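If you want the building blocks of each chain, they are given just below.
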Amino acid sequence: MQSSLSLSFSSSAAIPRSGHSSELSRAAPSSPLNLRFCGLRREALGFSYLKRNESRRVVVSGRARSKKVSASVSANGSAPKSFDYDLIIIGAGVGGHGAALHAVEKGLKTAIIEGDVVGGTCVNRGCVPSKALLAGLKTAIIEGDVVGGTCVNRGCVPSKALLAVSGRMRELQSEHHLKALGLQVSAAGYDRQGVADHANNLASKIRNNLTNSMKALGVDILTGVGTILGPQKVKYGKIGFPDNVITAKNIIIATGSVPFVPKGIEVDGKTVITSDHALKLEFVPDWIAIVGSGYIGLEFSDVYTALGSEVTFVEALDQLMPGFDPEIGKLAQRVLINPRKIDYHTGVFASKITPSKDGNPVRIELIDAKTKEPRDTLEVDAALIATGRAPFTNGLGLENINVVTQRGFIPVDERMRVFDADGNLVPHLYCIGDANGKMMLAHAASAQGISVVEQVTGKDHVLNHLSIPAACFTHPEISMVGLTEPQAREKAEKEGFQVSVVKTSFKANTKALAENEGEGLAKLIYRPDNGEILGVHIFGLHAADLIHEASNAIALGTRIQDIKFAVHAHPTLSEVLDELFKSAKVHAHVPSPKSEPITV
């Protein structure tokens, strides 16, 4: 599951913890977060951490890596001279797992320290339920939650299982669509527990796959919550048991995030829920309010409406889906919102939400986002809080190394190296994934982890976050990479270049028409002077799969004048991108690469 794109709460909102035991939990930040997707691209768009003490910040550019680092030694003493491991990873989510596997590939002996099960939010509550260069190196991963992290356990994985069900239901419920294909079916129904079991079983399977893959590669899986004691020193252990202290040449923090619940909202886990609770699908309400219309809210609206619920969105900004490219957002609203049993309130905060008690409905008090004056009161069967996620970073012992979080996020540079409170780099300490806030996506965390392993094994590497794609798995899907059109035009105005836009429709694609799924649009934002791809946005059938041709082109620096010569199989959906690139007009004359003919 992707991070929510918008927050619907007042500016004074606090962030209570949810879904973790008090002994093991790390408190989330007390100030509100604005987690709109594009806003997370701070590095790519020029925003930076540590605005205070900015003159003391280490500036790193290209391969000219600064040597200025802080010892950050507190009362815990100096760094050890010999180490138990060469790399400790605190957190066994998708980011930690990706780093661990790459470390093994690089010859590292790897260990994972986890509190319960592998997978983190992505595998267990998220996305899924969405040889040696240096011989003899050792790595440890510490996980105080569950292996797989948010993506596997509470995010990407189980949510995609539910969305797969909603997609099938929509196909079976669309009499017009089926009739166009010459099909006839009886009324579609579903078994709620069977749907819930499908999501849970998928998360469990992916979590076990992650665990087994690490064990098969020789990764040691240790149990406990990791706390940094000092430079290159970590303790871990379970409540009520003695702590273990280990040392490492390098440490990666990969602790992920938790649902953000604004002040004034009482979550009971039954009628007022977060995405963690919703993935269990313990009941399907007749009417549910979804606070926030970003990725999380939009995907759950797809699930609930397919299963028969009526949905009301509560959005703080003046339009739904504020993090998407505006043109794509308007089309998505016309297809995903307007024809379905969905209404919405925009420009309002949910200032107070009271769970259902004694047979009374859930009560939601709405205030104007600008004036804070009362606007309306809703009474619904349930409320889903989809207001984004907060970094899971308190309790890590950061004070022992003089690191201060910013709104809960750990400040890092473009190489994921951690800054201390004085703006100096902390030696041998890195932070990846949701905990650093650069881009709160599971695959971004994994890419950051791989990048860090490259660095600790002697190869400089900087990840281009503008090349990392994102997707919303509604029906149809939405995907994007790079800049939105407003962002591109703002950048162009500052840097003095022109921006061009071309679009192509799924209605011109043979495969989409064969599937009777012609509703869709692909949009390319680029520089006509040199052919640089600035952004690609897709709404339509399998958009999440199609985006990778564009993201790889951005990552590799491929220009439009080169990629338009690529050949795509016919008839396939990939021709949507083929037509898009061929439609672009580049002014610069760049000769195409020549290759010797091959006789076949």
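Fair warning: this is a prediction, and the values are worked out from it, not measured in the lab.

**Some words on the confidence of the model for the chain**
No. 1: Counting all residues, the mean pLDDT for the chain is 82, and 78% of those residues have values of 70 or more.
No. 2: The low-confidence segment residues 1-77 (pLDDT under 50) makes 259 contacts with residues lying over four places distant or belonging to another chain.

**Section: the layout of surface pockets**
In this approach a probe as big as a water molecule rolls over the atoms, and the regions it shows empty are the leftover space.
No. 1: Taken as a whole, the largest pocket spans an internal volume of roughly 1200 Å³.
No. 2: The wall of the largest pocket is formed by 32 residues, among which G167, R170, E171, H475 and E517 lie closest to the centre.
No. 3: Of all elements in the fold, only α5 (156-173) and α6 (175-180) reach the threshold of two or more residues within the lining of the largest pocket.
No. 4: If one sorts the elements of the lining of the largest pocket by residue count, α5 sits on top with 8 residues.
No. 5: For the lining of the largest pocket, a count of residues per class yields 9 nonpolar, 13 polar and 10 charged.

**Looking at the packing of aromatic side chains**
No. 1: Under the criterion given, the structure shown has 2 aromatic pairs.
No. 2: Between Y295 and F324, the aromatic rings sit 5.3 Å apart at their centres with planes inclined by 25°, giving stacked as the arrangement. Of the two residues, Y295 is situated in helix α9 (residues 295-306) and F324 in the loop between β12 (310-315) and α10 (326-337); the sequence distance between them amounts to 29 residues. Comparing Y295 with F324, the two get one shared label, buried.
No. 3: The ring of F497 has R527 sitting right over it, with the charged end atom 4.0 Å from the ring centre.

**Concerning the environment of E454**
No. 1: Residue position: E454 is located in helix α11 (residues 442-456).
No. 2: Classification of E454 as buried rests on a relative accessible area of 9%.
No. 3: Once you skip the residues sitting within four places of it in the chain, E454 turns out to touch H102, K106, K459 and H461.

**Points about the sheet that holds strand β11 (residues 287-291)**
No. 1: Taking strand neighbours across the sheet as the criterion, the 5 strands line up as β10-β17-β11-β12-β13 in an open arrangement whose pairing is parallel. On the outer flanks of this sheet lie β10 (272-274) and β13 (342-346), each paired with one strand and no other. Looking at each pair of strands side by side, their axes are set apart by 20° on average, direction ignored.
No. 2: Pairing between β10 and strand β17 (residues 382-385): 3 bridges, direction parallel. Along β17, the bridge assignment pairs T274 with I385.
No. 3: Strands in contact with α9 are β10, β11, β12, β13 and β17; relative to β12, the strand with the most contacts, it is inclined by about 165°.

**Description of a negative patch on the surface**
No. 1: On the surface, D286, E310, D343 and D381 cluster together into a patch of negative charge.
No. 2: The topology assignment puts D343 in strand β13.

**Observations concerning the side chain of T271**
No. 1: Relative to the helices and strands, T271 is located in the loop between β9 (257-259) and β10.
No. 2: A relative accessible area of 15% places T271 in the buried class.
No. 3: Only 3.1 Å separates the side chain of T271 from the backbone nitrogen of S356, close enough to count as a polar contact.
No. 4: When neighbours within four sequence positions are excluded, T271 is seen to be in contact with P355, S356, V362, D381, A382 and A383.

**A few points about the sheet that holds strand β23 (residues 500-505)**
No. 1: Within the open sheet, the 5 strands sit side by side as β21-β22-β25-β24-β23. Their pairing is antiparallel. The open sheet has two free edges, formed respectively by β21 (470-472) and β23, since each of these has just one partner strand. With strand direction ignored, the average angle separating the axes of adjacent strands in the sheet is 10°.
No. 2: Packed onto the sheet, α10 meets β22 (477-482), β23, β24 (521-526) and β25 (533-540) and runs at close to 5° relative to β25.
No. 3: Across the face of the sheet, helix α14 (residues 543-556) comes into contact with β21, β22 and β25 while running at roughly 5° to β22.

**Observations concerning the environment of E282**
No. 1: Note on placement: E282 falls in the loop between α8 (275-278) and β11.
No. 2: Expressed as a C-alpha distance, the spacing of E282 and Q193, which sit 89 residues apart in the sequence, is 7.7 Å.
No. 3: Those residues in contact with E282, other than ones at most four positions away along the chain, are R192 and G269.

**Points about the pattern of salt bridges**
No. 1: Per the stated rule, a full pass over the model turns up 26 salt bridges.
No. 2: With its nearest N and O atoms 3.8 Å apart, the salt bridge here joins K357 to E266. Pair noted here: K357 is in the loop between β14 (348-354) and β15 (362-368) and E266 is in the loop between β9 and β10, with a separation of 91 residues, a long-range link.
No. 3: The salt bridge involving K459 is made with E454; its shortest N-O contact spans 3.9 Å.

Analysis parameters
- Residues numbered from 1 in each chain as written.
- Predicted model: local features only at pLDDT ≥ 70, side-chain atom pairs only at ≥ 80, totals over all residues.
- Heavy atoms only, no water.
- pLDDT = per-residue confidence, 0-100.
- Contact = heavy atoms within 4.5 Å.
- 1 Å grid on protein atoms, 1.4 Å probe; cavity = no way out; pocket = protein on both sides within 12 Å on 5 of 7 lines; lining within 4 Å.
- Points joined across faces, edges and corners; volume = space filled by probe spheres on them.
- Helix = DSSP H or I, 4+ residues; strand = E, 2+ residues; numbered from the N terminus.
- Nonpolar A, V, L, I, M, F, W, Y, C, P; charged D, E, K, R; others polar.
- Phe/Tyr/Trp six-rings, centres within 6.5 Å; stacked < 30°, edge-to-face > 60°.
- Buried < 20%, exposed > 50% of the residue type's maximum accessible area, 1.4 Å probe, protein only.
- Lys NZ or Arg CZ within 6 Å of the ring centre and 35° of its normal.
- Pairing = 2+ DSSP bridges.
- Axes fitted to C-alpha atoms, helices over the stretch in contact; angles between N-to-C directions.
- Patch = residues over 30% accessible without salt bridge, like charges linked within 9 Å, V, L, I, M, F, W, Y side chains within 5 Å.
- Areas by Shrake-Rupley, 256 points an atom, 1.4 Å probe, with all protein chains shown as cover.
- Salt bridge = Lys/Arg side-chain N within 4 Å of Asp/Glu carboxyl O.
- Lys, Arg positive; Asp, Glu negative; His and termini not counted.
- Charge placed at Lys NZ, Arg CZ, Asp CG, Glu CD.
- Polar contact = N/O pair within 3.5 Å; in protein donor to acceptor, adjacent residues only side chain to side chain.

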